[in-house]
Amino acid sequence: QVQLVESGGGLVQAGGSLSVSCAASGRTFGKMGWFRQAPGKEMEFVAAIVGSGSVTTYADSVKGRFTISRDNAKNSVYLRMNSLKPEDTAVYYCAGDDRLFARATKMGYDYWGQGTQVTVSS
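Throughout what follows, the structure given in this document is the object of discussion. (Residues numbered from 1 in each chain as written. Predicted model: local features only at pLDDT ≥ 70, side-chain atom pairs only at ≥ 80, totals over all residues. Heavy atoms only, no water.)

**As for the environment of C94**
Formally: Here a helix means four or more residues in a row that DSSP labels H or I, a strand means two or more in a row labelled E, and each is numbered from the N terminus. The classification of residues rests on relative accessible area computed with a 1.4 Å probe and restricted to protein chains. Under 20% of the type maximum is buried, over 50% is exposed, and intermediate values are partly exposed. Note on definitions: a residue-residue contact is assigned when non-hydrogen atoms from the two residues lie within 4.5 Å.
Structurally, C94 can be placed in strand 9 (residues 90-97). In this structure C94 comes out as buried when scored by relative accessible area, which is 0%. Along the sequence, C94 and V77 sit 17 residues apart, while their C-alpha atoms lie 8.1 Å from each other. Residue contacts for C94: discarding those within four places in its chain leaves L4, E6, C22, G33, W34, V77, Y111, W112 and G113.

**What about the nonpolar core?**
Note the threshold: Here the nonpolar core consists of buried residues drawn from Ala, Val, Leu, Ile, Met, Phe, Trp, Tyr and Cys, with membership extended through side-chain atoms lying within 4.5 Å.
Counting residues in each nonpolar core, the largest one holds 34 residues, and the members touching the most others are W34, L79, M81 and Y92. Breaking this core down by element, the ones donating at least two residues are strand 3 (18-25), strand 4 (31-37), strand 5 (44-50), strand 7 (66-71), strand 8 (76-81), strand 9 and strand 11 (116-121).

**A closer look at the sheet that holds strand 8**
Sheet strands associate in pairs through backbone hydrogen bonding, adopting either a parallel or an antiparallel arrangement. As a reminder of what qualifies: Any two strands with at least two DSSP-identified bridges between them are counted as paired. Axis definition: a line fit to C-alpha positions, over the contact stretch in the case of helices; interaxial angles, taken between N-to-C directions, run 0 to 180 degrees.
Read from one edge of the open sheet, 4 strands run 1-3-8-7, paired in antiparallel fashion. Pairing within the sheet leaves two strands with one partner each, and these edge strands are strand 1 (3-7) and strand 7. Along the sheet, successive strands turn relative to each other by an average axial angle of 15 degrees, direction set aside. Of the strand pairs in this sheet, strand 3 and strand 8 are connected by 6 bridges, and their pairing is antiparallel. For A23, the partnering residue across the bridge sits in strand 8 and is S76.

**Digging into the pattern of salt bridges**
Pairs can form between side chains of opposite charge once their charged atoms are near each other. Heads up, the condition is: Basic side-chain nitrogens of Lys or Arg form a salt bridge, by our definition, when they fall within 4 Å of a carboxyl oxygen of Asp or Glu.
Considering all chains together, one arrives at 7 salt bridges under this definition. The partner of E44 in a salt bridge is R36, with the nearest N and O atoms 2.6 Å apart. Its relative accessible area of 5% is what places R36 among the buried residues. A salt bridge links R36 to D88, with the nearest nitrogen and oxygen atoms 2.9 Å apart.

**Notes on the packing of aromatic side chains**
Convention followed: What counts as a ring pair is set by centres within 6.5 Å for rings of Phe, Tyr and Trp (its six-membered ring), and what kind of pair is set by the plane angle: stacked under 30 degrees, edge-to-face over 60, tilted for all other angles. Our definition puts a charge over a ring when NZ of Lys or CZ of Arg is within 6 Å of the ring centre and also within 35 degrees of the ring normal.
Under the criterion given, the structure shown has 5 aromatic pairs. Considering the side-chain rings of F35 and Y109, the 5.3 Å spacing of their centres and the 80 degrees angle between planes classify their relative orientation as edge-to-face. Of the two residues, F35 is situated in strand 4 and Y109 in the loop between strand 9 and strand 10 (111-112); the sequence distance between them amounts to 74 residues. A single burial state applies to F35 and to Y109, both of which are buried. Among the aromatic side chains, those forming a connected cluster through ring pairs are F35, F45, Y109 and W112. The residue whose ring lies beneath K31 is Y109, and the NZ or CZ to ring-centre distance is 4.4 Å.

**Focus: the side chain of N75**
You can see N75 is positioned in the loop between strand 7 and strand 8. In contact with N75, other than residues within four places in its own chain, are C22, A23, A24, S25, R27 and T28.

**Focus on the pairing of strand 5**
Within strand 5, 6 of the 7 residues are buried, leaving the element largely enclosed by the surrounding structure. Bridge count between strand 4 and strand 5: 6 bridges; the pairing is antiparallel. Note on strand 5: the bridge partner recorded for K31 is V50. In this structure, the hairpin formed by strand 4 and strand 5 is closed by a connection of 6 residues, where G40 is found at a positive phi of approximately 75 degrees. Relative to strand 6 (residues 55-58), strand 5 is paired through 4 bridges, and the arrangement is antiparallel. Paired with A47 across the strands is Y58, a residue of strand 6. Connecting the antiparallel pair strand 5 and strand 6 is a turn made up of 4 residues, with G51 showing a positive phi of about 60 degrees.

Structure (structure tokens):
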């Protein structure tokens, strides 16, 4: 059974930092990504990482503040979030797939976690 399990969400003040993690089991993925969905809004792409981590992609809204990384030995992907803003408040989902294209779209991923809440207070 393939599972993606996120952890590490929580409440943080604006300007602070937080890391979320995603542990995969049942298989490995050539591509892993983070997406988020704020209340009343569509799910949006945050970041993606391919292979051992040599290729990363970020949404413009998080570029320079967020860092995606992975540990293939642990079959895990991480998202380090710095300089957080209230507009970063959302449920954060990790996703995995072996198709290396379509890194920034939901349709590029077949496997999804249940999400973890990140709340940034002003």
